[in-house]
Amino acid sequence: MDKDVSIPPETFRKHVDASLTYINRALKQMSRLFLVEDLIDSLKLAVGMWLLTYLTSSSSPCLPSTRRTR
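Rules of the game
Residues numbered from 1 in each chain as written. Predicted model: local features only at pLDDT ≥ 70, side-chain atom pairs only at ≥ 80, totals over all residues. Heavy atoms only, no water. Helix = DSSP H or I, 4+ residues; strand = E, 2+ residues; numbered from the N terminus. Buried < 20%, exposed > 50% of the residue type's maximum accessible area, 1.4 Å probe, protein only. Salt bridge = Lys/Arg side-chain N within 4 Å of Asp/Glu carboxyl O. Contact = heavy atoms within 4.5 Å. Phe/Tyr/Trp six-rings, centres within 6.5 Å; stacked < 30°, edge-to-face > 60°. Patch = residues over 30% accessible without salt bridge, like charges linked within 9 Å, V, L, I, M, F, W, Y side chains within 5 Å. Areas by Shrake-Rupley, 256 points an atom, 1.4 Å probe, with all protein chains shown as cover. Polar contact = N/O pair within 3.5 Å; in protein donor to acceptor, adjacent residues only side chain to side chain.

**Student:** Could you give an account of the overall build of the protein chain, with specific residues and numbers?
**Tutor:** Helix and strand counts for the protein chain come out as two helices and zero strands. Out of the 70 residues belonging to the protein chain, those deemed buried represent 3%.

**Student:** Describe the pattern of salt bridges, naming the residues involved and giving the relevant values.
**Tutor:** One pass over the full model with this rule turns up three salt bridges. As a salt-bridge pair, R32 and D38 come within 3.9 Å of each other at their nearest N and O atoms. According to the relative accessible area criterion, D38 is partly exposed, its value standing at 30%. A salt bridge links D41 to K44, with the shortest nitrogen-to-oxygen separation between them at 3.5 Å. Placement of both D41 and K44 in helix α2 (residues 39–59) is noted, with a separation of three residues, approximately one turn of the helix. Because the salt bridges share partners, they merge into one network encompassing R32, D38, D41 and K44.

**Student:** Could you give me a rundown of the side chain of S42, with the residues and numbers involved?
**Tutor:** By the element assignment, S42 lies in helix α2. On the basis of relative accessibility, which here comes to 10%, the residue S42 falls in the buried class. Excluding residues that lie within four positions of it along the chain, S42 makes contacts with R32, L33 and V36.

**Student:** A description of the packing of aromatic side chains should follow, citing residues and the corresponding values.
**Tutor:** Evaluated as defined, the whole model comprises one aromatic pair. Arranged with centres 5.4 Å apart and planes meeting at 15°, the rings of W50 and Y54 form a pair that is stacked. Here the residue W50 and the residue Y54 both occupy positions in helix α2, the gap between them amounting to four residues, near one helical turn.

**Student:** Explain a nonpolar patch on the surface to me, using residue names and the numbers behind them.
**Tutor:** On the surface, a cluster of nonpolar side chains totalling about 720 Å² of accessible area is made up of L20, I23, L27, M30, F34, L35 and M49. Looking at the nonpolar patch element by element, the count peaks at five residues for helix α1 (residues 9–34). Judged by its relative accessible area of 47%, L27 falls in the partly exposed class.

**Student:** Pulling in residues and values, what's your account of the environment of S6?
**Tutor:** Looking at where S6 falls in the secondary structure, it is placed in the segment before α1. Reaching out from S6, the side chain makes a polar contact with the side chain of D4 at a distance of 3.0 Å.

The quantities given are spatial measurements derived from coordinates; they are silent on function.
Below, the structure is given as structure tokens:
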């Protein structure tokens, strides 16, 4: 139980730098989609989000339906 489980600073820095690269790339892509730099990609994102909400709301038996029946 007395094993050393500390991470060397160089290894930690290397992993943090790699993670920040991926995070920055993802943030750049999200800002491009949400701020409509490319209209076609933004429309595809909007349609995909709408389809996802439509499919999950119509196929979930646990949630009450928002449609009113007479």
